[in-house]
Amino acid sequence: MTSSFTREQQINSIIGKRQALAKKLNNIRQQLTSLNAAIDVMEQRREEIFNSTNNETVRFRLLSIELDRLRQSIISEEQNITRYHSRFARKTLNIGVVGLARQGKSRLLHSLSGLDSNAIPAGPFGHCTGARSTIVHNPALDPRGEIYFYTKDDFVRNVIAPYYSELLDSSPPPATLDEFESRPLPTLPIEKQQSVSARVKYAQLELYKNHLADYKPLLSQTSPKYVPIDTVREYIAQDDSAGQRVFFNYLAVREARVICTFPHENVGDIAFIDMPGLGDTGLVAENWLLSALSNDVDIVLFVKKPSGLGEVWKPQEIDLYDTTRGVFPELPLEMWSFLVMNHVRSSSPNEDNLRNCERLLGEKSEQLKFAGSVIADCSSPDEVKERVLQNVLDYLTQNIERIDHLYVNSLYDRLRGVQSQVKAEMQKAKEALGTVSESTPFNFNSFNRLFRDVIKRVYSGFEQLIKELRDQREIPDASFQEYVSRAQENAYADSGIPSIEQIEDTRNLLGGYKSACEYYLNYNRTHLTQHFESLEEGLSRSVESVKVQLAEVLRNAYQGRLNHLSSNIGTSFLRDVTTQLGDQYPALHPAFEMLIDFKLSYQGFFYYRLRRHLDYLTPDTGMAELSVKPTAKEIQDLLIAMHKIVLENLKDELLYWPIEINHAIFAMIEQFVDKVLRSENALDEWQSFYIENRAKVWPENFQELSVNNGLRWQWLEITERLSTINKSILTFES
């Protein structure tokens, strides 16, 4: 048998290797996320090309690319990797304990952990465990319980809603906790009343409903809540040690972690997970079981306590085994499970169950296979250590890496399948647009004559707009002037100054006139600034007005003639042109992007200037002082005076704001025009862009390409990007 010291080293080494593997899996997950993002871009490109061409062959090829199927496959594997990552990123090897009620699970956990029923519930009657708990060996920490509660939203969505989906599918589940509390429970449908399982689950839902007041406050508590280890039972058990159903806190508990020191030397970083079995607490327990087995358990112990008088394998036990086996179809359950037969010692042959333990081990069905089977008295710490813990840890240290290898290889096999799918669809994408061809030859001389005339008109239109904006720099922007004037008028008319009665009420509430005055100074300052927030809209309109004029130069049939490229105007038109330009136009494309992104913000452009006048409405500046014995009337007069001073001081400032925005807009538009007319290669890029779009600009002179060259370039670029990401997915495998 492996020595304890060597085993502890082995467990630590295994955990280290697993965490390194978790990092690789995280890299693969990031690649899948990038792949999905690229598919979203390809979907957009496909729609753009589909809407831009009348070529039915190209359209058919585009639609034959199964992007939705790829997306679903990738999402599925992202979810799998998240599950795998959770398993390998853990800092412990976890041993799960499952079984039906009254089989000795809790007794086994007591013997393994050294804890009693105050931390690991056990009782004389029926189901005892109500919430899942993880018992962690950590000698470095003081013993304690960590209780994790559901939030209200999680509780409604993940606990209550599944009952409605399964039992009450004709009734919508409650959207909030208040709705669950106020609405009566729908009656269980007649067709489901014949099912024992449905009736049991409905009774559990009634329990949640009828005892909501007992546990509702916990749904608002911060997690984790640290509790003494001898009070953990109050949060995870269904009854007290005498079997009385007095606890309902467990209904609000998502999980408990119990930190302690196991009474076994050098066991390494291990943890035990105590889970309600099937049927213990309804749908929630089933979901806990599946979630824990999927994410948190490395090896599972099935606990069975045969009767001394006779015993068979119960259907519920076979269901539990089948449910566990279905969690990892790719990993045989006999590789990661042990059977523990709980031996009850007694001088009475009718109570001692050893013979039935031995008989059931010999009569195990071929379908019930385990990595190992032991008979042990679960109430005896020494026997549990020798027969259960030693055997399980020896098996884990000798086999877990082989199990992990099989487990991960099944993931890699599926990822290779996804890679093959992506590769096949990308091949279709590369061939979708066919080759660049036209029905009629391209006459460059004819094009060049038309282009020179158009670009001359574009240059002239831009220059004329710049001249007009330059001449208007010192003239207030009329549209923005209206917003400023309206804000001023509203600030005077709606001052927010409180009445004498309001001031008296606030004084009584806050305990003094000075406090009331400070409160209203802050309030009035905030109230005043709100009147000027409408300037944000005014700034946007002024900027958009100029963008509309600039876009019109490009759209106008007598200037840029690009109106057939987009039916939009203003910023929307400029954005459409920017999309068609793409990165293959390094002079024009950044200039258009800069123009689209340009905006004037009230918060960034004007608010700080307004703010420096507001010190009169700011306590502690010394500008608003009360007398030694102030009154409500004095406070009101002071507020009126300070409000008036602020607005009067603002008058000159506000006169210049409508002029200043003209300077900012002119500077931006002039910079844009310089970039698209005078930067190196700008004219060549305009010529290339017009060549690509000549059929839309001069339909009477040129026939349309089946796919615009700019769109073709973008399509091939995203296809290549997808292919590159796809190749890199399993580069982290080795």
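What counts, and at which threshold
- Residues numbered from 1 in each chain as written.
- Predicted model: local features only at pLDDT ≥ 70, side-chain atom pairs only at ≥ 80, totals over all residues.
- Heavy atoms only, no water.
- Core = buried A, V, L, I, M, F, W, Y, C linked by side-chain atoms within 4.5 Å.
- Buried < 20%, exposed > 50% of the residue type's maximum accessible area, 1.4 Å probe, protein only.
- Helix = DSSP H or I, 4+ residues; strand = E, 2+ residues; numbered from the N terminus.
- Contact = heavy atoms within 4.5 Å.
- 1 Å grid on protein atoms, 1.4 Å probe; cavity = no way out; pocket = protein on both sides within 12 Å on 5 of 7 lines; lining within 4 Å.
- Points joined across faces, edges and corners; volume = space filled by probe spheres on them.
- Bend = angle between axes of the 7 residues up to and from the residue.
- Arc of directions from axis to C-beta.
- Lys, Arg positive; Asp, Glu negative; His and termini not counted.
- Salt bridge = Lys/Arg side-chain N within 4 Å of Asp/Glu carboxyl O.
- Polar contact = N/O pair within 3.5 Å; in protein donor to acceptor, adjacent residues only side chain to side chain.

1. Describing the nonpolar core
Reasoning step 1: Phe155 and Phe180 are the most contacted members of the largest nonpolar core, which has 134 residues in total.
Reasoning step 2: Considering each element in turn, this core owes the most residues, 19 residues, to helix 13 (residues 381-432).
Reasoning step 3: Residues within four places of Phe180 in sequence aside, it is in contact with Ile160, Tyr164, Pro174, Leu185, Leu205, Tyr208, Lys209, Leu212 and Tyr215.
Reasoning step 4: If you look at the next biggest cluster of nonpolar residues, it comprises 75 residues, including Ala551, Phe598, Ala624 and Ile661.

2. Details of empty space enclosed by the protein
Reasoning step 1: Applying the stated criterion across every chain yields a total of two cavities of 30 Å³ or more.
Reasoning step 2: If you trace the largest cavity, you find 13 residues lining it, with Phe302, Val303, Trp313, Glu317 and Leu320 closest to the centre.
Reasoning step 3: Listed by contribution, the elements that provide at least two residues to the lining of the largest cavity are strand 7 (299-304) and helix 11 (315-325).

3. Here's the deal with helix 13
Reasoning step 1: Along its length, helix 13 reaches its greatest deviation from straightness, about 55 degrees, at Asn399.
Reasoning step 2: One or two positions beyond helix 13, positive phi appears at Gly434, with a value near 65 degrees.

4. Digging into helix 20 (residues 588-597)
Reasoning step 1: Buried residues of helix 20: Leu588, His589, Ala591, Phe592, Leu595 and Ile596, and no others. In a view along the axis of helix 20, the buried residues occupy a sector of 165 degrees, so they form one face of it.
Reasoning step 2: Packing partners of the buried residues in helix 20 comprise helix 18 (535-555), helix 19 (570-581), helix 23 (632-678) and helix 24 (682-692).

5. Looking at the side chain of Glu685
Reasoning step 1: With respect to the element layout, Glu685 can be found in helix 24.
Reasoning step 2: No salt bridge forms around the buried Glu685; measuring N to O, its nearest opposite-charge neighbour Lys675 is 12 Å away.
Reasoning step 3: For Glu685, the side chain forms a polar contact with the main-chain nitrogen of Ala587, separated by 3.0 Å.

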